[in-house]
Amino acid sequence: MIEDGQRTETSEAQHALEQRLISLLKDYQGSTADDVESSLELTRARHIEYLHEGLRERQHHIALGCSRPWLCYWITHSLALLRAPFPPSVEPIDVVNFLRACQSPTGGFGGGPMQLPHLAPTYAATSTLVTLGGQDALSSVDRAALLGFVKRMCKVRYALNMHAGGEVDCRGCYTAVATLHMLNMDKAAVLQLSGMAEFIGRGGVHAQTYEGGLGGEPGNEAHGGYTYCGLAALVLADRVDVLNLPSLLHWAVHRQGLVEGGFMGRTNKLVDGCYSFWQGALFPLLQQCICVMWALLAEGSAVPQVSAAVLCTEEENAVAEPPTCSSSGTTEGSRATNVPDRPLFNTAALRLWLLQCCQNRRGGGLRDKPGTAVDYYHTCYCLSGLAACQEYSGGRHTDDFPLVDPSINVLTSKLDAAIAYYGSSAVCELESGMDQE
Ligand SMILES: CC(C)=CCC/C(C)=C/CC/C(C)=C/COP(=O)(O)OP(=O)(O)O
Ligand SMILES: [Zn+2]
């Protein structure tokens, strides 16, 4: 907290925002004076304790019986973001062995041992193994069988089933393409078989709505979770050309709550900590597409309003010139080469919302909003949102997060290591005799 005497002119805006959040927080049921008065620090040690407890109790999460690889991912990724090791009583190999038990002999991973393969836990298990890294974890994925499973999910015209006979929405497109990306496997056949570009964008059934965001499936309301899945899938597939990017950017900037600074998932709904990632990560992804977007604007599309919130300073809000593109001007590859010279959303406001309102400072963990309980899903995505704030704040604030790939949400260093491992000649030779469907 800033002491009155120490306040400078530039800290005035931050102080005003802090005061606003404090009075807001006091209004929420269940908040205590202690919650409100604490300083704006990430209470790392408490969060690490909470995550360690989750790893130790992992076997007992019966209520989440079909999401157990997700729990592994939320916890291991959160620990990786906090640069924290596993607790002494749990070895990374325990998690690898558990995920091995979730792997289906027909390819892909189920939500628990002996369950049918499903694209969502397949993405979660793979992200966990990539985050753990090393020979044991990376070699445990049966890549050939997994590709067969993903191809079998492409039987519908447009997009993929989440599991055999299951629902069809943007999550399937994303989890399929993100998993293949982590495993350094060719995405072209799955793109072609699924027609996912035309499912998400123009040219087919079109999940992008009149608002600019994407619905889970064509005809549904635009929603942050599905918008992330659709945009990230198209970035990874190098097919953002099918989207109306100015309209998507316009929708995304207006999802940041003007009062709280957090993001909402849909128009006129409440802000929620987890959208700090689902919505917050849209901006670095859009940044990767920005040269394409400005080319579209040059063709005469409407200019998007880039200012994220009234909380920005005038200088931050000024959009006199298009952002500079520091790369070759293409969207090739999934890495953010075009680091913005100013953030496309209000990173300071989002960070304050997360630190002030979403942390449980005493018990550890992060939450949807004050008055709700912490859980591992919100802990993972609130921390992921904070990491995005750090990276795209143009150096304005740092909470010591490592670099994260916004299209996959694993550490960039871990993703690079996995891609190199799967591309190495030793692994290719080992797998060369395998039958790829
Ligand atoms: C990688 C992967 C599988 C990603 C899934 C992304 C996704 C669809 C996230 C949305 C999760 C969520 C909080 C839904 C709540 O909708 P709601 O209608 O209850 O909440 P609302 O009021 O905030 O819209
Ligand atoms: Zn949430």
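Numbering of residues starts from 1 in each chain and follows the order in which that chain's sequence is written. Think of it this way: whatever chain is written first is A, whatever ligand is written first is 1, and the rest follow in order. Local features in a predicted model are, by the rule used here, given only for residues with pLDDT of at least 70; side-chain atom pairs are given and counted only at 80 or more, and totals for whole chains, interfaces and linings are based on all residues. Each side-chain value is worked out from all heavy atoms of the structure, with water and hydrogens disregarded.

Where an unreviewed UniProt entry is consulted, the protein appears under the name Protein farnesyltransferase subunit beta, with the organism given as Coccomyxa subellipsoidea. UniProt positions are given in the numbering used here, feature names are shortened, and annotations may be inferred rather than shown by experiment. In its Catalytic activity (unreviewed entry) section, the UniProt entry covering the protein states "L-cysteinyl-[protein] + (2E,6E)-farnesyl diphosphate = S-(2E,6E)-farnesyl-L-cysteinyl-[protein] + diphosphate". According to UniProt, the comment filed for the protein under the heading Sequence similarities (unreviewed entry) is "Belongs to the protein prenyltransferase subunit beta family."

Asks: Teacher, can you tell me more about the coordination of the zinc ion (ligand 2) here?
Replies: Coordination angles at a metal have ideal targets, namely 109.5 degrees for four tetrahedral donors and 90 or 180 degrees for six octahedral donors. Protein coordination at the zinc ion (ligand 2) comes from Asp272 (OD), Asp272 (OD), Cys274 (SG) and His378 (NE2), with a distance range of 2.1 to 2.5 Å. Coordination at the zinc ion (ligand 2) is irregular: its four donor atoms span angles of 56 to 124° at the metal. Distances up to 2.8 Å from the metal define which N, O and S atoms are donors, and 3.2 Å serves for Na, K and Ca; water is absent from the atom set, so sites may look incomplete. Each donor residue of the zinc ion (ligand 2) lies on the same chain, and together they follow the pattern D-x1-C-x103-H. The class for Asp272 is buried, based on a relative accessible area of 10%. Here a site with four donors is tetrahedral if all angles are between 85 and 135 degrees, and a site with four or six donors is square planar or octahedral if opposite donors are over 155 degrees apart and the other angles are between 65 and 115; anything else gets the irregular label. Only protein chains enter the calculation, and the probe is 1.4 Å; a residue is then buried if its accessible area is under 20% of its type maximum, exposed if over 50%, and partly exposed in between.

Asks: Sorry, what's going on with the pattern of salt bridges here?
Replies: Oppositely charged side chains can form a pair if their charged atoms are brought close together. A side-chain nitrogen of Lys or Arg and a carboxyl oxygen of Asp or Glu constitute a salt bridge if their distance falls within 4 Å. Under the definition given, this model contains eight salt bridges. A salt bridge links Asp241 to Arg239, with the shortest nitrogen-to-oxygen separation between them at 2.9 Å. On the accessibility criterion, Arg239 (27% relative accessible area) is partly exposed. Asp368 is the salt-bridge partner of Lys369, the closest N and O atoms lying 2.7 Å from each other. An identical accessibility class is assigned to Lys369 and Asp368; each is buried. One continuous salt-bridge network, built from bridges that share partners, spans Glu167, Asp169 and Arg171.

Asks: Quick question: what am I supposed to make of the nonpolar core here?
Replies: Note on soluble globular proteins: their nonpolar side chains tend to be buried together. In terms of nonpolar packing, the biggest core is built from 124 residues, with Tyr73, Leu160, Tyr174, Ile200, Tyr228, Leu231 and Tyr381 touching the most fellow members. Per element, the largest residue contribution to this core is nine residues, and it comes from helix α4 (residues 68–81). Contacts: residue pairs with any heavy atoms within 4.5 Å of one another. Not counting chain neighbours up to four residues away, the residues in contact with Tyr174 comprise Tyr123, Tyr228, Cys229, Ala232, Ala233, Leu236, Ser407 and Ile408. Note on terminology: a nonpolar core comprises buried Ala, Val, Leu, Ile, Met, Phe, Trp, Tyr and Cys residues joined through side-chain atoms within 4.5 Å. Helix and strand assignments come from DSSP, with helices taken as H or I runs of at least 4 residues and strands as E runs of at least 2, each series counted from the N terminus.

Asks: Just to check I follow, could you spell out the packing of α4 against helix α6 (residues 119–132) for this structure?
Replies: Packed helices, taken two at a time, are described by their axes: the angle between them and the distance between them. Between α4 and α6, the least distance of the axes is 8 Å, while the angle of their chain directions is 35°. Between α4 and α6 lies a crossing whose hand is left-handed. Counted together, Pro69, Trp70, Cys72, Tyr73, Thr76, His77 and Ala80 of α4 and Ala120, Pro121, Tyr123, Ala124, Ala125, Ser127, Thr128, Thr131 and Leu132 of α6 form the full contact between these two elements. Structural elements are reduced to axes, namely lines fitted to C-alpha atoms, with helices fitted over the stretch in contact, and the angle between N-to-C directions of any two is expressed from 0 to 180 degrees. Handedness of each helix crossing follows the sense of rotation of the near helix against the far helix: counterclockwise by less than a right angle gives left-handed, clockwise gives right-handed.

Asks: Explain the site of ligand 1 here, please?
Replies: Close contacts around ligand 1 come from 13 residues, with Gly225, Arg266, Lys269, Tyr275 and Trp278 the closest. Throughout this description, a polar contact denotes any pair of N or O atoms lying within 3.5 Å of each other; where both atoms belong to protein, one of them has to be capable of donating a hydrogen while the other can accept it, and for residues adjacent in sequence the pair is counted only when both atoms sit in side chains. Contacts to ligand 1 include His223, whose side-chain N or O atom sits 3.4 Å from an oxygen atom. With respect to ligand 1, the side chain of Tyr275 contributes an N or O atom lying 2.7 Å from an oxygen atom. Residue assignment for the shell around ligand 1 shows that the elements contributing at least two residues are α9 (170–182), α12 (224–236) and α14 (275–278). We call Asp, Glu, Lys and Arg charged. Ala, Val, Leu, Ile, Met, Phe, Trp, Tyr, Cys and Pro are nonpolar, and the rest, Gly among them, are polar. Class assignment for the residues of the shell around ligand 1 results in eight nonpolar, two polar and three charged. Here a residue counts as near a molecule or strand whenever at least one of its heavy atoms sits within 4 Å of it.

Asks: Looking at this model, I keep getting lost on helix α19 (residues 376–391). Mind explaining?
Replies: Every α-helix winds through 3.6 residues per turn, so residues three or four apart in the chain are directed the same way. When the terminal C-alpha atoms of α19 are compared, their 23 Å separation across 16 residues agrees well with the 22 Å that a helix rising 1.5 Å per residue should span. Here α19 lies mainly inside the structure; 14 of its 16 residues are buried. Where α19 begins, the capping side chain belongs to Asp375, and its oxygen is found 3.1 Å from the backbone nitrogen of Tyr377. What a helix should span is 1.5 Å times the count of its residues minus one.

Asks: Even after reading the chapter, I still don't get the confidence of the model for the protein, so can you show me in this structure?
Replies: Interpreting fine coordinate detail is not advised for predicted regions of low pLDDT. Scored by pLDDT, the protein comes out at a mean of 84, with 78% of its residues at no less than 70. A low-confidence stretch, residues 1–6 stays under pLDDT 50, and its non-local contacts, those more than four residues away or across chains, total 13 contacts. In the predicted structure, residues 303–340 sits below a pLDDT of 50 and forms 80 contacts with residues beyond four places in sequence or in another chain. Confidence metrics for the complex model read pTM 0.85 and ipTM 0.98. Looking at any residue, its pLDDT shows the predictor's confidence there, from 0 to 100.

Asks: What should I look at first to understand unusual backbone geometry in this one?
Replies: In this model, Met114 sits at a positive phi of 70°, which is unusual for a non-glycine residue. With a phi angle near 70°, Ala159 is a residue other than glycine that sits in the positive phi range. Counting through the fold element by element, Ala159 comes out in the loop between α8 (143–152) and α9.

Asks: What is the right way to look at the side chain of Asn161 in this model?
Replies: Residue position: Asn161 is located in the loop between α8 and α9. Within the structure, the side chain of Asn161 is placed 2.5 Å from the backbone oxygen of Gly166, a separation counted as a polar contact. Contacts of Asn161, omitting those with residues within four sequence positions, involve Leu119, Met153, Val156, Gly166, Glu167 and Val168.

Asks: Which parts of the structure should I look at to understand the environment of Thr76?
Replies: Mapped onto the elements of the fold, Thr76 is located in helix α4. With a relative accessible area of 3%, Thr76 lands in the buried category. Along the backbone, Thr76 and Val427 are 351 residues apart, and their C-alpha atoms lie at a distance of 25 Å. Setting aside chain neighbours within four positions, we find Thr76 in contact with Phe86, Thr128, Thr131 and Leu132.

Asks: What is the right way to look at the side chain of Thr175 in this model?
Replies: Within the element layout of this structure, Thr175 appears in helix α9. For Thr175, a relative accessible area of 4% gives the class buried. Only 2.7 Å separates the side chain of Thr175 from the backbone oxygen of Arg171, close enough to count as a polar contact. Engagement of the side chain of Thr175 in a polar contact is seen with the backbone oxygen of Gly172, the distance being 3.4 Å. Here Thr175 is in contact with Leu119, Ala120, Tyr123 and Met162, once residues within four sequence places are set aside.

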